[in-house]
Structures are given as C-alpha cells and as structure tokens.
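Listed below are the residues making up each chain.
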Amino acid sequence: MAIYLLALLIGLVAGLRAMTAPAAVAWGAWLGWLPVAGTWASFMGHWITVAIFTLLALVELVTDQLPSTPSRKVPQQFGARIVMGALAGAVIGTLGGAAIGGLAAGIIGAILGTLGGAAVRASLAKSFGKDLPAALIEDAVAILAALLIVSMAA
C-alpha cells in the first residue's frame, strides 16, 4: 500500500513541476536508491536519462517564472504533467511489482497536484501581491518533496 502512496505523491510533484518528478526518480535510479535494473524502467538509471530530465527540470524552473508561460491547466501543460506523473509513478510502482498501479496513482497525483497547486499558488500570490514569491515557494516544495519521496521509496 505504501508504494501506491509514494506513486501518488510523486504524481503530485509532477502536478507542481512536471519535470521535477521524473528528474528525481532518474537520479534515484542512477544513484542506486531505486533498484530498477533488469526492469522496463532500467533506462531511468542511465546517465543520459538523468542528464536530460535534470536539464528539462532546470529549464522548467526558469521558464515557470516568465509571465509568458501559459497556465498549467491548458491542455499541453496539463497533459505533460499527467504523462510525467504516470512515468514517475510507474517507476515507483515497479519497485513493489505494481507498475500499472503506480502509473494510475501517478496520474491521479498529477491531476490533484496540477489543480491543487494552481489554487494554492494563486492564493499565495494574492497574499504576497505578486507571483514570484509564490512560484519560488512552489519550486522549493516540489524539489524537497521529490527528494523525500524518492528517498522513502529507496
């Protein structure tokens, strides 16, 4: 049951920052924390995968601060969060022999994280009178949560 909760939580992270979740999972696999060798998810532990997801996560952290960045709730953004939540959740689920269950939990988490994250960020931005502090708080929460989830899955 804990594996499904971790998959749901990594999906929530994907709802906050789409690329942070797979980057964290890739780092966990590369460092040997997530034993995915010999499974369909073994590609997540390759240094190229780690490099790609890390670069994408860093780019996302920068572009999220730009006023021209579309809402996370537009179809392309929402879809990317669902796909990344599904991937990260499936990798976490694989650790417990439940890749499909992890995938489903990751999707649910991504939907909840996208909608809930947008609402919380809007509320924080309103409180601060501007978006940047809210965005930086959301960045920190996503990164710290991803690290905690991956370490708990280890």
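Scroll up for the structure.
None of these values were measured; they are calculated from a predicted model.

K.L.:
Looking at this structure, I do not really get the packing of aromatic side chains. What am I missing?
P.N.:
Aromatic ring pairs: the centre-centre distance and the angle between the two ring planes describe each pair. In the structure shown here, the tally under the stated rule is two aromatic pairs. With a centroid separation of 5.4 Å and 85 degrees between ring planes, the pair formed by W27 and W30 is classed as edge-to-face. One end of the pair is W27 and the other is W30, both in helix 2 (residues 20-30) and three residues apart, which spans about a single turn. Using a relative accessible area of 36% as the deciding quantity, one classes W27 as partly exposed. When the centroid spacing of 6.3 Å and the interplanar angle of 50 degrees are considered together, the rings of W40 and F43 count as tilted. Note on F43: relative accessible area 38%, which makes it partly exposed.

K.L.:
Can you help me understand a nonpolar patch on the surface in this one?
P.N.:
A cluster of nonpolar side chains, W27, W30, L31, W33, W47, I48, I52 and L56, forms an exposed patch at the surface whose accessible area comes to about 820 Å². If you list the elements that add at least two residues to the nonpolar patch, you get helix 2 and helix 3 (47-63). Take the nonpolar patch: its biggest share by element is four residues, from helix 3. For I52, a relative accessible area of 45% corresponds to the partly exposed category.

K.L.:
What should I look at first to understand the environment of D131 in this one?
P.N.:
Relative to the helices and strands, D131 is located in the loop between helix 5 (99-128) and helix 6 (132-153). Separated by 112 residues in the primary sequence, D131 and M19 have C-alpha atoms spaced 20 Å apart. Within the local environment of D131, its side chain forms a polar contact with the side chain of R121, the two groups lying 2.5 Å apart.

K.L.:
How should I be thinking about the packing of helix 1 (residues 2-16) against helix 4 (residues 75-95) in this particular structure?
P.N.:
To describe two helices that pack against each other, one gives the angle between their axes and the distance between the axes. With their axes 8 Å apart at the nearest point, helix 1 and helix 4 run at an angle of 155 degrees to one another. Considering the angle they form, helix 1 stands roughly antiparallel to helix 4. Here helix 1 runs over helix 4; the crossing is right-handed. Along its contact with helix 1, which presents I3, L6, A7, I10, G11, A14, G15 and L16, the element helix 4 presents R81, M84, G85, A88, G89, I92, G93 and L95. When its residues are assigned to classes, the contact of helix 1 with helix 4 shows ten nonpolar, five polar and one charged.

K.L.:
I would appreciate a short explanation of the nonpolar core in the present structure.
P.N.:
General note: in soluble globular proteins, nonpolar side chains tend to be found buried as a group. Counting residues in each nonpolar core, the largest one holds 33 residues, and the members touching the most others are I10, V25, L34, M44, F53, V91 and I92. Broken down by secondary-structure element, the contributors of at least two residues to this core are helix 1, helix 2, helix 3, helix 4 and helix 6. Here this core takes seven residues from helix 1, the largest share from any one element. If we ignore the near neighbours within four places in the chain, the residues touching I92 are I3, L6, A7, I10, V25, L34 and A153.

K.L.:
I'm lost on the environment of M44 in this one. Help?
P.N.:
Mapped onto the secondary structure, M44 falls in the loop between helix 2 and helix 3. The class of M44 is buried, set by a relative accessible area of 0%. Note: C-alpha distance between M44 and L136 (92 residues apart in sequence) is 27 Å. Leaving out residues up to four positions away in the same chain, M44 has contacts with P22, V25, A26, A29, T49, V50, F53, L87 and V91.

About the criteria used
- Residues numbered from 1 in each chain as written.
- Predicted model: local features only at pLDDT ≥ 70, side-chain atom pairs only at ≥ 80, totals over all residues.
- Heavy atoms only, no water.
- Phe/Tyr/Trp six-rings, centres within 6.5 Å; stacked < 30°, edge-to-face > 60°.
- Helix = DSSP H or I, 4+ residues; strand = E, 2+ residues; numbered from the N terminus.
- Buried < 20%, exposed > 50% of the residue type's maximum accessible area, 1.4 Å probe, protein only.
- Patch = residues over 30% accessible without salt bridge, like charges linked within 9 Å, V, L, I, M, F, W, Y side chains within 5 Å.
- Areas by Shrake-Rupley, 256 points an atom, 1.4 Å probe, with all protein chains shown as cover.
- Salt bridge = Lys/Arg side-chain N within 4 Å of Asp/Glu carboxyl O.
- Polar contact = N/O pair within 3.5 Å; in protein donor to acceptor, adjacent residues only side chain to side chain.
- Axes fitted to C-alpha atoms, helices over the stretch in contact; angles between N-to-C directions.
- Parallel < 35°, antiparallel > 145°, perpendicular 65-115°, else oblique.
- Left-handed = near helix turned anticlockwise from the far one by under 90°.
- Contact = heavy atoms within 4.5 Å.
- Nonpolar A, V, L, I, M, F, W, Y, C, P; charged D, E, K, R; others polar.
- Core = buried A, V, L, I, M, F, W, Y, C linked by side-chain atoms within 4.5 Å.

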